[in-house]
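# Fold and contact review
For reference, the chains in residue letters:
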Amino acid sequence: MFIIFGWNHETRKNYGPTREIICPNCSNKTYLDLLQTKLWFTLFFIPIFPYKSKHYLICKICSRGLELTDEQVDKALKLNNATGLYLKETINKEQYTKALAESNL
Ligand SMILES: [Zn+2]
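The structure reproduced in this document is the subject of the present report.

### Thoughts on the overall build of the protein
Each helix and strand in the protein was counted, giving two helices and four strands. Each of the three principal axes of the protein carries a C-alpha extent, and together these read 65 × 30 × 25 Å. When the 105 residues of the protein are sorted by exposure, 30% land in the buried category. Excluding contacts between residues fewer than 6 apart, the proportion of contacts in the protein whose partners are at least 24 apart in sequence is 49%. With an accessible surface of roughly 7,400 Å², the protein has 55% of that area assigned to carbon and sulfur atoms. Charged side chains of the protein number 14 positive and 10 negative; the gap between the two group centres comes to 4 Å.

### Some thoughts on the coordination of the zinc ion
For the zinc ion, every protein donor is listed as Cys23 (SG), Cys26 (SG), Cys59 (SG) and Cys62 (SG), and the spread of their distances is 2.3 to 2.4 Å. Angles of 105 to 116° at the metal separate the four donor atoms of the zinc ion, which places the site in the tetrahedral class. Of note, the donors binding the zinc ion are all from one chain and are spaced C-x2-C-x32-C-x2-C. Exposure remark for cysteine 59: the relative accessible area of 1% places this residue in the buried category.

### Description of the packing of aromatic side chains
Centre-to-centre distance and the angle between the planes together describe a pair of aromatic rings. In this structure the tally under the stated criterion is five aromatic pairs. Ring plane angle 20° and centroid distance 5.2 Å describe the contact between phenylalanine 41 and phenylalanine 49, whose orientation is recorded as stacked. Assessed through its relative accessible area of 15%, phenylalanine 41 is described here as buried. A centroid spacing of 4.4 Å and a plane angle of 0° characterise the contact between tyrosine 86 and tyrosine 96, whose relative ring orientation is stacked. You can see tyrosine 86 sitting in helix H1 (residues 70-87) and its partner tyrosine 96 sitting in helix H2 (residues 93-103), a full 10 residues away along the chain. Residue classification places tyrosine 96 among the buried residues on the basis of a relative accessible area of 6%. Chaining the aromatic ring pairs together yields one cluster made of Phe5, Trp7, Phe41, Phe49 and Tyr51.

### Structural notes on the environment of phenylalanine 41
Tracing the backbone shows phenylalanine 41 in strand S2 (residues 29-43). Considered as a pair, phenylalanine 41 and glutamate 67 are 26 residues apart in the sequence and their alpha carbons are 22 Å apart.

### Considerations on the pattern of salt bridges
Within the structure shown, the criterion is met by four salt bridges. We note a salt bridge from lysine 75 to glutamate 71, for which the minimum N-O separation is 3.6 Å. One end of the pair, lysine 75, and the other, glutamate 71, are both in helix H1, four residues apart, so they sit about a helical turn from each other. We note a salt bridge from lysine 98 to glutamate 102, for which the minimum N-O separation is 3.7 Å. Of the two residues, lysine 98 and glutamate 102 both sit in helix H2, four residues apart, roughly one turn of that helix. Considered together, lysine 98 and glutamate 102 belong to a single accessibility category, that of exposed residues.

Conventions we followed
- As a convention, each chain's residues are numbered from 1 in the sequence order in which they are written.
- Reporting in this predicted model follows two pLDDT cut-offs: at least 70 for local features of residues, and 80 or more for side-chain atom pairs to be given and counted; totals over whole chains, interfaces and linings ignore these cut-offs and use all residues.
- As a convention, hydrogens and water are excluded, and side-chain values are obtained from all of the structure's heavy atoms.
- Under the scheme used here, helices are H or I runs from DSSP no shorter than 4 residues and strands are E runs no shorter than 2 residues, and both carry numbers assigned from the N terminus.
- Burial here depends on accessible area, computed with a 1.4 Å probe over protein chains only, as a share of the maximum for the residue type. Under 20% is buried, over 50% is exposed, and the range in between is partly exposed.
- Note on definitions: a residue-residue contact is assigned when non-hydrogen atoms from the two residues lie within 4.5 Å.
- Residue exposure ignores everything except the shown protein chains as possible cover, and the areas themselves are Shrake-Rupley values with a 1.4 Å probe.
- Note on charges: Lys and Arg go in the positive column, Asp and Glu in the negative column, and His and the chain ends are not counted at all.
- The atom standing in for a charge is NZ when the residue is Lys, CZ when it is Arg, CG when it is Asp and CD when it is Glu.
- Distances decide who is a donor: an N, O or S atom must be within 2.8 Å of the metal, or within 3.2 Å for Na, K and Ca. Water is not included, so sites may look incomplete.
- Just to be clear on the cut-offs, tetrahedral is four donors with all angles between 85 and 135 degrees, square planar is four donors and octahedral six with opposite donors over 155 degrees apart and all others between 65 and 115, and anything else goes down as irregular.
- Only the six-membered ring of Trp is used, alongside the rings of Phe and Tyr, when aromatic pairs are assigned; centres must lie within 6.5 Å, and planes under 30 degrees apart are stacked while those over 60 apart are edge-to-face, with the rest tilted.
- When a carboxyl oxygen of Asp or Glu lies within 4 Å of a side-chain nitrogen of Lys or Arg, that pair is called a salt bridge.

What follows is the structure in structure tokens.
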């Protein structure tokens, strides 16, 4: 009997718009998306457990971005939440500006 296992099965989760910028790569004004990638150990092609996780802020238009440190991930998750609320008009510009300043991203 063969036991088929593997590494490097990648999954991605896009948390959506996080920080509005003018992209230094493509020069478009856009939101950077917060993206999480996970690498999984697989058994018979079924993902069993993730062994590596990385977070990125990426440009929606050109897909270029930067990898975040653990400390930046916490800030990015908070800002992602605030940006979602702002885009849905649940919080106003003033509240969002405060969240942006606090995020320090
Ligand atoms: Zn870009």
